[in-house]
Amino acid sequence: MTPHKVFIGIGSNIGDRLHHLQEAVDRVSLLENTAVVKVSHVYMTEPVGEAGQNRFYNGVVLLDTALAPEELRRQCKIIEQELGRPETYPRWSPRVIDLDILLYDDLVISTPALTIPHPELHCRKFVLLPMLDIANPLYPATGENTLQLLDRCIDRSVLIRVRESIRV
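Keep in mind it's a predicted model, so treat the numbers as computed, not measured. (Residues numbered from 1 in each chain as written. Predicted model: local features only at pLDDT ≥ 70, side-chain atom pairs only at ≥ 80, totals over all residues. Heavy atoms only, no water.)

Student: Mind laying out the nonpolar core, listing which residues take part and the relevant values?
Tutor: In this structure, I8, I10, L63, L72, L99 and I166 are the most contacted members of the largest nonpolar core, which totals 31 residues. Of the residues forming this core, the biggest block, 5 residues, is contributed by helix α1 (residues 17-29). With residues up to four places along the chain from it excluded, the contact list for L63 reads H4, K5, V6, I8, V28, T34, A35, V36, V37 and L72. Counting residues in each nonpolar core, the second largest holds 17 residues, with V60, L102, M131 and L159 among its members. (Core = buried A, V, L, I, M, F, W, Y, C linked by side-chain atoms within 4.5 Å. Buried < 20%, exposed > 50% of the residue type's maximum accessible area, 1.4 Å probe, protein only. Helix = DSSP H or I, 4+ residues; strand = E, 2+ residues; numbered from the N terminus. Contact = heavy atoms within 4.5 Å.)

Here it is in structure tokens:
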């Protein structure tokens, strides 16, 4: 089976944020029929939503995987829980780890459990900029590439690239 190109957003704002990101990438790389191809730089960003939280460390991971979208989502949820994220949590709350499927090839999926492309991808600078570190994929909802999305993105938050990096 030909592997699918998948972009996953990663984020953490509790504890040793870089360690949590590295641990998540390491665990994703162990998934069956999945390989981590590239990892973006890590960016420190302001949290979205709830004020009074620590800043996030965010990045994007490019995978080749034979896993179906639903199975990949299920595996990402398992990894989040293994790393200490509760199964249910308030929206915009602090989190040890967050793994979001951003793009899966050029698929457009909308089910109660899964939406691809990620519904807020086009308006999140903390996803678009790291994605550009590793590729400039098309956004299937509009046919625009990531750079075009970033150019018209209304998010004016400041991203600070951190010196530390995640190993592949």
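Student: Describe in detail the side chain of N13, supporting the description with residues and values.
Tutor: With respect to the helices and strands, the residue N13 is situated in the loop between β1 (4-12) and α1. For N13, the side chain forms a polar contact with the side chain of Q53, separated by 2.8 Å. In this structure the side chain of N13 is engaged in a polar contact, spanning 3.1 Å, whose partner is the backbone oxygen of N54. With near-sequence residues (within four places) excluded, N13 lies in contact with Q53, N54, R55, F56, P94 and R95. (Polar contact = N/O pair within 3.5 Å; in protein donor to acceptor, adjacent residues only side chain to side chain.)

Student: Quick rundown of the pairing of strand β5 (residues 98-104)? Include the residues and the values.
Tutor: Counting buried residues along β5, 7 of its 7 residues qualify, which places the element largely inside the surrounding structure. Where β1 meets β5, 6 bridges bridge the pair, whose relative direction is antiparallel. Each residue of the ladder has a partner; that of I8, found in β5, is I101. (Pairing = 2+ DSSP bridges.)

Student: I'd like to hear about unusual backbone geometry, residue by residue, with values.
Tutor: With omega at -5°, the peptide bond leading from I116 into P117 counts as cis. Here the phi dihedral of N33 falls at roughly 55°; this positive angle occurs in a residue that is not glycine. Looking at the element boundaries, N33 is found in the loop between α1 and β2 (34-39). Taking the relative accessible area as the measure of exposure, N33 reaches 52% and is therefore exposed. Positive phi values are uncommon outside glycine, yet D105 reaches one of about 50°. Within the fold, D105 resides in the loop between β5 and β6 (109-110).

Student: I'd like a rundown of the pairing of strand β4 (residues 56-65), residues and numbers included.
Tutor: β4 sits mainly inside the fold: 10 of its 10 residues count as buried. Where burial is concerned, the two faces of β4 agree: the one with F56, N58, V60, L62 and D64 and the one with Y57, G59, V61, L63 and T65 are both buried. For β1 and β4, the ladder comprises 9 bridges, and the chain directions are antiparallel. When the bridges of β4 are listed, K5 appears paired with D64.

Student: Describe in detail the pattern of salt bridges, supporting the description with residues and values.
Tutor: Counted according to the given criterion, the structure contains 11 salt bridges. Residues E46 and R55 are paired through a salt bridge, measuring 2.8 Å at the closest nitrogen-oxygen approach. Residue E46 is classed as partly exposed on the basis of its relative accessible area of 40%. Between R85 and D98 there is a salt bridge; the shortest N-O distance is 2.6 Å. Of this pair, R85 sits in the loop between α2 (69-82) and β5 while D98 sits in strand β5; the two residues are 13 residues apart in sequence, bridging distant segments of the chain. Exposure remark for R85: the relative accessible area of 4% places this residue in the buried category. Accessibility expressed as a relative area gives 13% for D98, which makes it buried. Overlapping salt bridges bring together K77, E80, R85, R95 and D98 as one network. (Salt bridge = Lys/Arg side-chain N within 4 Å of Asp/Glu carboxyl O.)

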